[in-house]
Amino acid sequence: MTCTSGCYSMAATHVRLSLLVVVGLFACECTGGCAEVDSLTEAVRGQAFVLGCISCKKRGEVSAVSTLDWHFRARGRENFTHIFRYRHPTAHVVSAAFEGRLDWLGTAGEDVQTGAVALRDVRSDDAGTYRCTFSRTLLLAGFRPRVSVEKEVELGVVDVANRHLAAVVSEMIMCTLIVLLQLWLVVVLVYCYKKISHDTEARQARAALKERTALLEGECVSLEEGQLE
């Protein structure tokens, strides 16, 4: 019962798909709903990473116009640096250090609730604090109130992705299920073998009994004919 390679590949797949899970959660607003999900906080050097930021409106039916800005503060620094701005329909990388490495993954419209950006080719000096700021103007009848929402992501950069607890638990559950399924198959095969063997023996016994009955009937007929003569 070998489950090592399959289970470890499943854990690796879980890590690779973690970005897709986050992006899928960010896209929830496409179905008419919005859920604020915290961003992941550990990036792998040389790979891509999704900086997540979601700010849901308290009343989804109210239209709004939003601008989103990302700022970055490297570890050991005191001040934030403006690195990215999205104002529909334009996404603009402000900082030269992030030029060509930031892609907009958020809401494709004026009413921005998802401000996720993809950070490509993560470097060691990308570790630090990222702050996203929603500047939202609500389009209400008669007045235009402005709302500002800030969220921060503390990002760490590692050389090798750490295995998440969910991946470990999933691996253990998968291995247990595989072992149980294999045991169940063994039990089923043994049961089927015994049942087939029993049915075969019963058929052979019935055939032998039928043959013996036919012989006895033949002998009885011969005796009766002998007595008549």
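Refer to the preceding data block for the structure.
A. Quick look at the overall build of the protein chain. When its secondary structure is counted, the protein chain shows two helices and nine strands. Mapped from its N terminus to its C terminus, the protein chain presents α and β elements in the order α-β-β-β-β-β-β-β-β-β-α. Taking the intrachain contacts of the protein chain between residues at least 6 apart in sequence as the baseline, contacts between residues at least 24 apart amount to 58%. For the protein chain, the exposed area adds up to about 15,200 Å²; of that, 58% sits on carbon and sulfur atoms.

B. Examining the sheet that holds strand 8 (residues 128-138) more closely. Taken in spatial order, the six strands make up an open sheet running 1-9-8-3-4-5, and their pairing is mixed. At either end of the open sheet lies a strand with only one pairing partner, and these are strand 1 (42-44) and strand 5 (90-93). This sheet shows a mean twist of 25 degrees between the axes of neighbouring strands, independent of strand direction. Bridge count for strand 1 against strand 9 (residues 146-158) is three bridges, and the pairing is parallel. Residue Ala-43 lies in a different strand from strand 9, and its bridge partner there is Val-157.

C. Region of interest: the sheet that holds strand 2 (residues 49-51). The three strands are arranged 2-7-6 in an open sheet whose pairing can be described as antiparallel. Two strands lie at the open edges of the sheet, namely strand 2 and strand 6 (102-104), each paired on one side alone. Taken over all neighbouring pairs, the strand axes of this sheet differ in orientation by 30 degrees on average, direction set aside. Relative to strand 7 (residues 117-119), strand 6 runs antiparallel, the two sharing three bridges. Each residue of the ladder has a partner; that of Leu-102, found in strand 7, is Leu-119.

D. Focus on unusual backbone geometry. Here the bond from His-88 into Pro-89 is cis, since omega is 10 degrees, no more than 30 degrees from zero. Relative to the assigned elements, Pro-89 resides in the loop between strand 4 (81-87) and strand 5. Positioned with a positive phi, Asp-121 is a non-glycine residue whose angle comes to about 50 degrees. Within the secondary structure layout, Asp-121 lies in the loop between strand 7 and strand 8.

E. Up close: the layout of surface pockets. Of the volumes computed, that of the second largest pocket is approximately 210 Å³. Together, Ser-55, Cys-56, Lys-57, Lys-58, Arg-59, Val-62, Arg-136, Leu-138, Leu-140, Val-147 and Val-149 line the second largest pocket. Counting residues per element, the ones that place at least two in the lining of the second largest pocket are strand 8 and strand 9. Considered class by class, the residues forming the lining of the second largest pocket number six nonpolar, one polar and four charged.

F. Structural detail: the nonpolar core. Grouped together as the largest cluster of nonpolar side chains are 23 residues, with contacts concentrated most on Leu-51, Trp-70, Ile-83, Phe-84, Phe-98, Leu-102 and Tyr-130. Here Ile-83 is in contact with Trp-70, His-71, Phe-72, His-92, Val-93, Val-94, Ser-95, Phe-98, Leu-102 and Tyr-130, once residues within four sequence places are set aside.

G. Spotlight on a nonpolar patch on the surface. Residues Val-169, Ile-173, Leu-177, Val-179, Leu-180 and Leu-183 make up a contiguous nonpolar surface patch of about 480 Å² in total accessible area. With respect to the helices and strands, the residue Val-169 is situated in helix 2 (residues 165-228).

H. Main features of the packing of aromatic side chains. Summed over the entire model, instances satisfying the criterion amount to five aromatic pairs. With a centroid separation of 4.5 Å and an interplanar angle of 35 degrees, the aromatic rings of Phe-72 and Tyr-130 are classed as tilted. Placement of Phe-72 in strand 3 (residues 64-74) and of Tyr-130 in strand 8 is noted, with a sequence separation of 58 residues between them. Judged by its relative accessible area of 0%, Tyr-130 falls in the buried class. Ring centres of Phe-84 and Trp-104 lie 6.0 Å apart, and the angle between their planes is 10 degrees; this geometry places the pair in the stacked category. Here the residue Phe-84 occupies a position in strand 4, and Trp-104 occupies one in strand 6, the gap between them amounting to 20 residues. The pair formed by Phe-84 and Trp-104 is uniform in burial state, with each residue classed as buried. Linked through ring pairs, Phe-72, Phe-98 and Tyr-130 together constitute an aromatic cluster. It is Arg-131 that lies over the ring of Phe-80; its NZ or CZ is 4.1 Å from the centre.

Conventions we followed
Residues numbered from 1 in each chain as written. Predicted model: local features only at pLDDT ≥ 70, side-chain atom pairs only at ≥ 80, totals over all residues. Heavy atoms only, no water. Helix = DSSP H or I, 4+ residues; strand = E, 2+ residues; numbered from the N terminus. Contact = heavy atoms within 4.5 Å. Areas by Shrake-Rupley, 256 points an atom, 1.4 Å probe, with all protein chains shown as cover. Pairing = 2+ DSSP bridges. Axes fitted to C-alpha atoms, helices over the stretch in contact; angles between N-to-C directions. 1 Å grid on protein atoms, 1.4 Å probe; cavity = no way out; pocket = protein on both sides within 12 Å on 5 of 7 lines; lining within 4 Å. Points joined across faces, edges and corners; volume = space filled by probe spheres on them. Nonpolar A, V, L, I, M, F, W, Y, C, P; charged D, E, K, R; others polar. Core = buried A, V, L, I, M, F, W, Y, C linked by side-chain atoms within 4.5 Å. Buried < 20%, exposed > 50% of the residue type's maximum accessible area, 1.4 Å probe, protein only. Patch = residues over 30% accessible without salt bridge, like charges linked within 9 Å, V, L, I, M, F, W, Y side chains within 5 Å. Salt bridge = Lys/Arg side-chain N within 4 Å of Asp/Glu carboxyl O. Phe/Tyr/Trp six-rings, centres within 6.5 Å; stacked < 30°, edge-to-face > 60°. Lys NZ or Arg CZ within 6 Å of the ring centre and 35° of its normal.

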